[in-house]
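Working through the structure, step by step
The primary structure of each chain is shown beneath.
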Amino acid sequence: MFRDPVQSLEAPSFQPTAEALRPLRVGMIGIGTVGAGTFRVLARNQALIAGRAGRGIEVVVVAARNLARAVSVVGKDVALTNDPLQVATHPDVDVLVEAAGGTGPAREWVLAAIRAGKHVVTANKALLAEHGNEIFAAARQHGVAVAYEGAVAVSIPIVKALREGLTANRIEWVAGIINGTTNFILSKMRDEGVGFAQALAQAQALGYAEADPTFDIEGIDAAHKITLLAANAFGMPLRFADAQVEGITALQGLDVVCAEQLGFRIKLLGVARRREHGDGVNGDGADGVELRVQPALIPATHLLAHVNGSMNGIMVKGDASGVTMYYGAGAGSEQTASAVIADLVDVARLHGTHAAQRVPHLGFHAPAIHDHLAVLPRAAVHTRHYLRVPVHQAQQVEAVGAWLAAQHVPVAKVQLACAQHLPAGGTPQVLVLTDAVAQATVDLAVHALGAHPAVAGPVVSLRVEMLEG
Ligand SMILES: NC(=O)c1ccc[n+]([C@@H]2O[C@H](COP(=O)([O-])OP(=O)(O)OC[C@H]3O[C@@H](n4cnc5c(N)ncnc54)[C@H](OP(=O)(O)O)[C@@H]3O)[C@@H](O)[C@H]2O)c1
């Protein structure tokens, strides 16, 4: 007689405890964009989520500042309070969803929940990038999980990909477009030829940028996310304070079109790259991790160059997998809920297991985290570079190339910016592409070039990332 091999493996005597079968009880702090989306999707997809989790998932208590607005979202069956700490430590709560944001009070709430034995789910990348080492240590001590898929590129399950799907690999680099607001702005600058300020105003009018867009446009939000990805990729503590962070506020429309002329596009990239002893391009033996956010040129034919508007795209290079790519929305109410609920399902499945049997917070069990792994200083980062040099006379193009070569800058291409890109009668611009070179060498050359008599204004220098397989 045919026997289903899967069924026959199931121990007939297996009886889940009543504790493991009852619904997972959620306490939520904040019922704004993320909180309300999570509540809505949990309600809409209740049956299928329970089918996947093996048990129901119920929001039992919510903390909000504006209770009238909260009740309009969650109805009358969910307890409401003004006091987030009450939710964090509530006896009926198994897992806290922190959906309020910020780093001060949120840290207190999350630590209080952990000490009270609650699991935590959060999409708060600022909190984890800045206080994650402390929060994860507390969670290990108290045997609870802190899950954060929604903290990075919400629709894309990149934390799961790094921690689970790619566990066989030595990760060489992770890089991507991980801030939708700046990607929207850069896409507008390229497509419509508008300047940064005008593109930002459009992003704000359409709701893609906050009234205070500082975290996005200064690259801080992307730095929070690449910090989390680097820790998971390389098994290192969170080192946000050491990340090199440059936003797009100083980016000029002229460089967007000049990059285009050379066959490149400018994207705000988060990059985390492992550099092992001796693999420095110039054999300088630097060992550590590059952890950085900056506007950079990528080839126009590269897959990431086609991640436009507010979308996110991430690439990971593993030694066995090769390059893999992930694409999806980087923000949004239900898009973030998708990640938050995936974390809740994980918690529902793991609730009751021993911490040692779970996926570790940063993908590696604590003894395997490389505490010594440091972020390389900016000067030691090797990439190709783009330089734009305003000159008094167009004939000086070759002289600029020769001068840079004499300063040990490996010039790969030098040409004049096409006249149609420049204002009528504008200063001629020499465009230079280099081969890979240490940032220190480029910085010295750019500084000295500024004082050269042929040069008519500030020299612009941007990194070029090839992100090859
Ligand atoms: N929105 C996204 O697409 C997205 C994507 C990924 C990650 N995230 C992260 O998710 C978190 C929440 O973002 P969000 O967009 O949902 O923010 P939001 O729309 O501003 O919602 C935050 C909610 O938290 C409440 N809140 C703040 N402080 C509180 C306090 N002390 N007590 C009680 N309630 C409090 C606010 O209440 P009031 O309205 O009454 O002030 C508001 O309802 C942030 O960490 C954010 O970085 C957001």
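Below you will find a few notes about this structure. It should be emphasised that the depicted structure is a prediction, and the values quoted were computed from it without experimental measurement.

Another aspect to go through is the pairing of strand 15 (residues 429-434). Burial analysis of strand 15 places six of its six residues in the buried class, which makes it a mostly covered element. Of the two faces of strand 15, the one carrying Q429, L431 and L433 and the one carrying V430, V432 and T434 are both buried. As paired strands, strand 13 (residues 382-390) and strand 15 are joined by five bridges and run antiparallel to one another. Its bridge partner being in strand 15, P390 is matched across the sheet by Q429. With five bridges joining them, strand 14 (residues 411-416) and strand 15 adopt antiparallel strand pairing. Across the sheet, Q415 pairs through a bridge with L431, a residue of strand 15.

With that settled, the discussion passes to the sheet that holds strand 6 (residues 146-147). Read across the sheet, six strands follow the order 3-2-1-4-5-6 without closing on themselves; strand pairing throughout is parallel. Edge strands, defined here as strands with exactly one partner in the open sheet, are strand 3 (79-81) and strand 6. The sheet contact formed by strand 1 (residues 24-29) and strand 2 (residues 57-63) spans six bridges and is parallel. Residue I29 lies in a different strand from strand 2, and its bridge partner there is A63.

Time to look at unusual backbone geometry. Backbone geometry follows two general trends: most residues other than glycine have a negative phi, and most peptide bonds adopt the trans configuration. Although it is not a glycine, H408 sits at a positive phi angle of roughly 70°. Looking at the element boundaries, H408 is found in the loop between helix 16 (397-406) and strand 14. For L467, which is not glycine, the phi torsion reads 45° and is therefore positive. Within the fold, L467 resides in the segment after strand 17 (460-464).

Close to the ligand lie 23 residues, the nearest being G30, G32, R65, G101 and A331. Of all the elements, helix 3 (residues 33-44) adds the most residues to the shell around the ligand, at three residues. Grouping the amino acids of the shell around the ligand by side-chain chemistry returns twelve nonpolar, ten polar and one charged.

Okay, the nonpolar core next. Judged by nonpolar contacts, the single largest core of 143 residues is most densely connected at V95, V174, I226, L229, A230, A272 and L344. With nine residues, the top contributor of residues to this core is helix 13 (residues 220-234). Setting aside residues up to four positions removed in sequence, V95 forms contacts with L24, V26, K118, H119, V120, V121, L344 and V347.

Turning our attention to the environment of A47. Looking at the secondary structure, you find A47 in helix 4 (residues 46-53). Spatially, the C-alpha atom of A47 lies 9.6 Å from that of I57, the residues being ten residues apart in sequence.

How each quantity is defined
- Residues numbered from 1 in each chain as written.
- Predicted model: local features only at pLDDT ≥ 70, side-chain atom pairs only at ≥ 80, totals over all residues.
- Buried ≥ 20, exposed ≤ 12 C-beta atoms within 10 Å, placed from the backbone.
- Helix = DSSP H or I, 4+ residues; strand = E, 2+ residues; numbered from the N terminus.
- Pairing = 2+ DSSP bridges.
- Near = placed C-beta within 6 Å.
- Nonpolar A, V, L, I, M, F, W, Y, C, P; charged D, E, K, R; others polar.
- Core = buried A, V, L, I, M, F, W, Y, C linked by C-beta atoms within 7 Å.
- Contact = placed C-beta atoms within 7 Å.

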